[in-house]
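Residue-level listing of the chains:
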Amino acid sequence: MMSQDWPKGIFSARLIRALSDAGAISTPRAFDADQIQPASLDLRLGAKALRVRSSFLPGPGKTVAERVESLMLHEIDLTDGAVLERGCVYIVPLLEGLELPKDVSASANPKSSTGRLDIFTRVITDGARSFDIVPAGYEGRLYLEISPRTFPVLVRTGSRLSQMRFRVGDARLDTEAHKALHAEQTLVFDPNMDVGEGVSLSIDLVGEGRSGLIGFRSKRHTAVVDVDKKDGLDVLDFWEPLVNRGSGELILDPDEFYILVSRESVHVPPDYAAEMVPFDPLVGEFRVHYAGFFDPGFGHSAAGGTGSRAVLEVRSREVPFLLGHGQTIGRLIYEKMAERPRELYGTALGSNYQAQSLKLSKHFKAYP
């Protein structure tokens, strides 16, 4: 692979393409036209899914293939599509592999639509001690652990459930840098808490402007969701709408899955990317179920945003938990881009969630 200096920060689409051109990202077929996003690369499923008895980490000196050999129950062909059942664990070799430069690392997260379907996904590398983290200089295959938690899902070779960011160094902003950036470019509109170690987000349980609609609770025993088809499913076949009846409160039932929305609107300036930090044990017995990447331009007025709400996938833990309107539920941490992306998250890219309020995944028809 070509040796070159890579700039510090989160890689833009241009730098991701440069990584690929330098041989750091391998794939048996060309990238899809929209696979490279402003600050991330979508990862595609390979030709087979391996049903395994349990989740695992290979650990130092062990490959994923070696671990799978002792845990595999059966193999599923994905070339023509196959249904992954809820409650089961699958390992899928991805089409993309890596041969990273010694100073370039990566991290992964479920795509927004994946999280909103309650599909639990984590990227695994050979020798991994943790999920979704790829150390600098890693050479090898990538695998995706998939466990649908709510709906059975139809996937196929090339389906994209997870995304990866590449970076050099630690570009996260500290408390003072977050405060300075907010003063200059407004990271959060009508904040519930002062900007400090990131942007704190609270929950909207009033539903103003949505006729009191505050969220959705998933139904059980539904039909299959095809992860590659947009705007085809009726919301009420899969979700129970939740409406504010005056209390501004919601009791989360254990083992139920909720789609809720932040009270605040947030903004990711073009020279920055952000990540939602999941469950904080200090704020209650629940968790924002999936962390998430927020691309440069999310909520940016020049990209059609002017502040966008953060949609939250939420579960209670062991006990029922009472949420109140305005209760803190998570936070966004901002990182510096290595360079400003040529294209921002928004209408020019056909982005599904720009200027969003409360919104289900792209697979469902619009709800009144």
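What counts, and where the lines are drawn
Residues numbered from 1 in each chain as written. Predicted model: local features only at pLDDT ≥ 70, side-chain atom pairs only at ≥ 80, totals over all residues. Heavy atoms only, no water. Core = buried A, V, L, I, M, F, W, Y, C linked by side-chain atoms within 4.5 Å. Buried < 20%, exposed > 50% of the residue type's maximum accessible area, 1.4 Å probe, protein only. Contact = heavy atoms within 4.5 Å. Pairing = 2+ DSSP bridges. Helix = DSSP H or I, 4+ residues; strand = E, 2+ residues; numbered from the N terminus. Salt bridge = Lys/Arg side-chain N within 4 Å of Asp/Glu carboxyl O. Polar contact = N/O pair within 3.5 Å; in protein donor to acceptor, adjacent residues only side chain to side chain. Axes fitted to C-alpha atoms, helices over the stretch in contact; angles between N-to-C directions. Arc of directions from axis to C-beta. Phe/Tyr/Trp six-rings, centres within 6.5 Å; stacked < 30°, edge-to-face > 60°. Lys NZ or Arg CZ within 6 Å of the ring centre and 35° of its normal.

Here's the deal with the nonpolar core
Moving on, step 1. Counting residues in each nonpolar core, the largest one holds 57 residues, and the members touching the most others are F11, L45, L98, L142, M164, F166 and W239.
Moving on, step 2. When sequence neighbours within four positions are dropped, the list of residues in contact with F166 reads G9, I10, F11, I16, L19, I25, L41, L98, L100, V104, S105 and A106.
Moving on, step 3. Core analysis: the second largest hydrophobic core is formed by 30 residues, L181, V199, V266 and V314 among them.

Looking at the sheet that holds strand 7 (residues 82–84)
Moving on, step 1. Spatial ordering of the open sheet is given by 7-13-18, a layout of three strands whose pairing is mixed. Bordering the open sheet on either side are strand 7 and strand 18 (225–226), each of which pairs with just one other strand.
Moving on, step 2. Bridge analysis of strand 13 (residues 153–155) against strand 18 gives two bridges, and the strand direction is parallel. Residue V153 lies in a different strand from strand 18, and its bridge partner there is V225.

Comments concerning the pattern of salt bridges
Close approach of charged atoms allows side chains with opposite charge to pair.
Moving on, step 1. Tallied over the entire structure, the rule returns 23 salt bridges.
Moving on, step 2. Across the pair D32 and R160 runs a salt bridge, and its minimum N-O distance is 3.1 Å. Taken together, the residues span a long stretch of sequence, with D32 in the loop between strand 2 (25–26) and strand 3 (36–37) and R160 in strand 14 (residues 160–168) at a distance of 128 residues.
Moving on, step 3. Given the relative accessible area of 26%, D32 is considered partly exposed.
Moving on, step 4. When the shortest N-O distance is used, the salt bridge between R315 and D118 registers 2.4 Å. Of this pair, R315 sits in strand 25 (residues 308–316) while D118 sits in the loop between helix 3 (112–116) and strand 10 (119–125), and the two are 197 residues apart along the sequence.
Moving on, step 5. A relative accessible area of 14% means that R315 is categorised as buried.
Moving on, step 6. One salt-bridge network, held together by shared partners, links D32, D34, D42, R44, E96, K111 and R160.

Brief notes about helix 4 (residues 175–185)
Moving on, step 1. For helix 4, the side-chain oxygen to backbone nitrogen distance between the N-cap and E176 is 3.3 Å, and the N-cap itself is D174.
Moving on, step 2. Just downstream of helix 4 lies T186, where phi reads positive at about 55°.

Describing the sheet that holds strand 27 (residues 328–336)
Moving on, step 1. Strands sit in the order 16-27-22-24 across an open sheet of four strands; the sheet is antiparallel. Edge strands, defined here as strands with exactly one partner in the open sheet, are strand 16 (199–202) and strand 24 (292–294). The average angle at which neighbouring strand axes cross in this sheet is 30°, direction not considered.
Moving on, step 2. Here strand 22 (residues 272–277) pairs with strand 24 via three bridges, running antiparallel.

Describing helix 1 (residues 13–21)
Moving on, step 1. For helix 1, the complete set of buried residues consists of A13, L15, I16, L19 and S20. Along helix 1, the residues classed as buried sweep out an arc of 165° about the axis, all on the same side.
Moving on, step 2. Phi turns positive, to about 90°, at G23, one or two residues after helix 1.

Quick notes on the environment of D231
Moving on, step 1. Structurally, D231 can be placed in the loop between strand 18 and strand 19 (239–243).
Moving on, step 2. Put simply, D231 and F364 are 133 residues apart on the chain and 4.7 Å apart in space, counted from C-alpha to C-alpha.
Moving on, step 3. Excluding its chain neighbours within four sequence positions, the residues that come into contact with D231 are K362, H363, F364 and K365.

Re the pairing of strand 17 (residues 213–218)
Moving on, step 1. Counting buried positions over the six residues of strand 17 gives six, a clear majority of the element.
Moving on, step 2. Across five bridges, strand 17 lies against strand 19 in antiparallel orientation. In the strand pairing of strand 19, F216 is matched with P241.
Moving on, step 3. For strand 17 and strand 21 (residues 258–266), the ladder comprises two bridges, and the chain directions are antiparallel. Within strand 21, the position partnered with R217 by the bridge is Y258.

Some details on the packing of aromatic side chains
Moving on, step 1. Enumeration over the complete set of coordinates arrives at nine aromatic pairs.
Moving on, step 2. Residues F238 and F364 carry aromatic rings whose centres are separated by 5.4 Å and whose planes lie at 70° to one another, so their mutual orientation is edge-to-face. Placement of the pair is F238 in the loop between strand 18 and strand 19 and F364 in the segment after strand 27, with a sequence separation of 126 residues. A single burial state applies to F238 and to F364, both of which are buried.
Moving on, step 3. With centroids separated by 6.1 Å and ring planes inclined at 45°, the aromatic side chains of W239 and F257 adopt a geometry described as tilted. With W239 in strand 19 and F257 in the loop between strand 20 (249–252) and strand 21, this residue pair connects regions lying 18 residues apart in the sequence. Taken individually, W239 and F257 each receive the classification buried, so the pair is uniform in this respect.
Moving on, step 4. Grouping aromatic residues by their ring pairs yields a cluster made of F151, F216, F238, W239, F257, F364 and Y367.
Moving on, step 5. Between R122 and the ring centre of F131, over which it is positioned, the NZ or CZ distance is 3.5 Å.

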